[in-house]
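An overview of the molecular structure
Letter by letter, the chains look like this.
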Amino acid sequence: MQVRVRFAPSPTGFLHLGSARTALFNWLFARNSGGKFLLRIEDTDKVRSEKRFLDEIVEDLKWLGIDWDEEIVFQSQRFDIYRAKAQALIDAGLAYREGEAYIFKMEKGRVIEIDDMIHGKISVNTDEIKDQVMIKSDGSPAYNFCCVVDDIHLGITHIIRGDDHISNTPKQVLFYEAFGATPPRFGHMPLIMGADGAKLSKRHGGVSVEEYKSEGFLPEAMVNYLMLLGWYPGEEREIFTLEEAVKIYNVKGMSDVQAKFDIQKLKWMNGEYIVKRDVKRLLPLVKGILQARGFDLSGVDDGYISKLIEMYKVRMKTLAEFAALADCFFKDDYEVEEKGAKKHLDNESNKANLMIFAGELASLEEFKHEKIEAVCREIAEKRSLKAGDIIHPTRIAISGKTFGAGLFEMMEVLGKEKVIARMTRAAT
Ligand code: GLU
């Protein structure tokens, strides 16, 4: 039997991490077994469904590397079918009308057993379930009903989704029965929680894929992180490409306990992928991030930005961090650390040393980092200073920061004129 799975988002909001994870596991399941992964848009709520959300969801999936087979199915185009299917259940004596609404009669005293791929046996007594609306009085179908109509139509064999759907599953199983169809295998994943154990929300560092994209997380890192949220690959290694995950994916490795979202770990992972990615491929992303943050890049050449990315690659966990770390290379009104400035620049001897260093640099012909460093060390030696006595004030003078890439490289990239101007400004 060929595996057929689907991802069924509602375009009523942006793709959030939990949904992206659901899509990912269904996709891994399909690709691992040579099956099909379908995309169905659950846009039955015409008021809340919006084109911009749909576009964003589609774009985010592609960005993550999740592709789908066959044509996208839109529930909004299938209302006639749902009504006909609901009518068929009325004709079979399993449902009734109440005004415009079509309602499914719940049989009492039945025990519905679900053999969940992740949780094992789940059983529910139908006494706990009310009659189910199939078509609402406004003519739109109810989720549990149209979901089953479509899953049967699409030949879906397995459904992996969040635990929040567990209570829907017995209702859906009853619709399969009513249509004389075999239900798919269900697997419900425990939801993603924040580090504090509360449901994942904005304060844990953002919930939509979009937010992570614009912070400069790389898609490889996002999918790698998401796949480890609730799945154990069977080995301690943590860095996996999608291709590698496809090969070893097994639903048996899915966890039945809640996964904790850990932004620090995601950042760490992103840093690993940034270091690995070559500068050429980082360049357009970094430029996008800088522009989105209001940096004026007109007249700034790619070679200059590339050089900076090379210097800062190991220091940034997200591309947005680059914008904060390297702002002094793009503007003169860069952020200045107040404490650092007070410590290193608010004293006469440091200011004097800065002026001496700036003076020596003025006559330096080749403004290369080795030469700049030699000048710095020479002054330190002559004046019985530690190199740090010159380095720290210089760093804060030219960049506003107490940390960053190697100081002499930074000076070389900034160029003589800017460096001397900033040192002089800081010393006077
Ligand atoms: N539209 C539903 C959701 O986004 C789909 C649930 C399902 O996979 O059946 O939660």
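This text follows the structure it describes.
Residues numbered from 1 in each chain as written. Predicted model: local features only at pLDDT ≥ 70, side-chain atom pairs only at ≥ 80, totals over all residues. Heavy atoms only, no water.

Points about the environment of Lys416
Quick reminder of the rule: Labels follow the DSSP assignment, with helices taken as runs of H or I lasting at least four residues and strands as runs of E lasting at least two, numbered in each case from the N terminus. Contacts: residue pairs with any heavy atoms within 4.5 Å of one another. For the purposes of these results, a polar contact is taken to be a pair of N or O atoms within 3.5 Å, where, inside protein, one atom must be able to donate a hydrogen and its partner to accept one; residues adjacent in sequence count only when each atom of the pair is a side-chain atom.
As for its placement among the helices and strands, Lys416 is situated in helix 18 (residues 416-427). Between the alpha carbons of Lys416 and Pro219 there is a distance of 38 Å; along the sequence they are 197 residues apart. Setting aside its immediate chain neighbours within four residues, Lys416 contacts Leu361, Ala362, Ser363, Leu364 and Phe367. Engagement of the side chain of Lys416 in a polar contact is seen with the backbone oxygen of Leu364, the distance being 2.6 Å.

Remarks on the site of the ligand
We count it as follows: Only a single heavy atom is needed: when it lies within 4 Å of a molecule or strand, its residue is near that molecule or strand. Areas reported as accessible are Shrake-Rupley estimates using a 1.4 Å probe. Residue values count occlusion only from the protein chains shown.
The full set of residues close to the ligand is Arg6, Ala8, Ser10, Glu42, Tyr143, Cys147, Arg161 and His165. Interatomic distance of 2.6 Å between a side-chain N/O atom of Arg6 and an oxygen atom of the ligand. Glu42 has a polar side-chain atom sitting 2.6 Å from a nitrogen atom of the ligand. Alone, the ligand offers 300 Å² of accessible surface; in the complex the protein occludes 78% of this.

Side note on the side chain of Ser49
Counted only if it meets this: Each residue is assigned to one of three classes by its accessible area relative to the maximum for its type, calculated with a 1.4 Å probe on protein chains only: buried under 20%, partly exposed between the two thresholds, exposed over 50%.
Within the secondary structure, Ser49 is located in the loop between strand 2 (36-41) and helix 2 (51-64). For Ser49, a relative accessible area of 17% translates into the label buried. Looking at Ser49, its side chain comes within polar contact range of the main-chain oxygen of Asp45, at 2.7 Å. Leave out the neighbours within four places in its chain, and Ser49 touches Pro11, Thr12, Asp43 and Thr44.

What about the pairing of strand 5 (residues 101-104)?
The condition is simple: When DSSP finds two or more bridges between a pair of strands, those strands are recorded as paired.
The side-chain alternation of strand 5 yields two buried faces, one formed by Ala101 and Ile103 and the other by Tyr102 and Phe104. Pairing between strand 4 (residues 95-98) and strand 5: four bridges, direction antiparallel. Each bridged residue has a counterpart across the sheet, and for Glu98 the counterpart in strand 5 is Ala101. With antiparallel pairing between neighbouring strands as the criterion, strand 4 and strand 5 make up a hairpin whose turn holds two residues, including Gly99 at a positive phi of roughly 65 degrees. Relative to strand 8 (residues 132-135), strand 5 is paired through three bridges, and the arrangement is antiparallel. Each bridged residue has a counterpart across the sheet, and for Phe104 the counterpart in strand 8 is Gln132.

Things to note about unusual backbone geometry
The backbone of Glu70 sits at a positive phi, close to 60 degrees, despite the residue not being glycine. Overall, the relative accessible area of 45% leaves Glu70 in the partly exposed class. Phi at Ser384 takes a positive value of approximately 50 degrees, unusual for a residue other than glycine. The topology assignment puts Ser384 in the loop between helix 15 (369-382) and helix 16 (387-399). Judged by relative accessible area, which is 68%, Ser384 ranks as exposed.

Observations concerning the sheet that holds strand 5
We apply this condition: An axis is simply a line fitted to the C-alpha atoms; with a helix, the fit covers only the stretch in contact. Between two such axes, the angle follows the N-to-C directions and lies from 0 to 180 degrees.
Strand order in this open sheet of three strands is 4-5-8, and the pairing throughout is antiparallel. In this open sheet, the two strands that pair with only one neighbour each are strand 4 and strand 8. The mean inter-strand angle of the sheet, taken between neighbouring strand axes irrespective of direction, is 35 degrees.

Side note on helix 10 (residues 279-292)
The line we're drawing: Each residue after the first adds 1.5 Å to the expected span of a helix.
Its 14 residues place the ends of helix 10 19 Å apart at the C-alpha level, agreeing with the 20 Å of an ideal helix rising 1.5 Å per residue. Those residues of helix 10 lying buried are Val279, Leu282, Leu283, Val286, Ile289 and Leu290. Residues of helix 10 that are buried sit in contact with helix 6 (209-214), helix 9 (263-276), helix 11 (302-312) and helix 12 (319-325). Residue Gly294 follows helix 10 closely and has a positive phi angle near 80 degrees.

Spatial relationships are all this shows, so hold off on functional conclusions.
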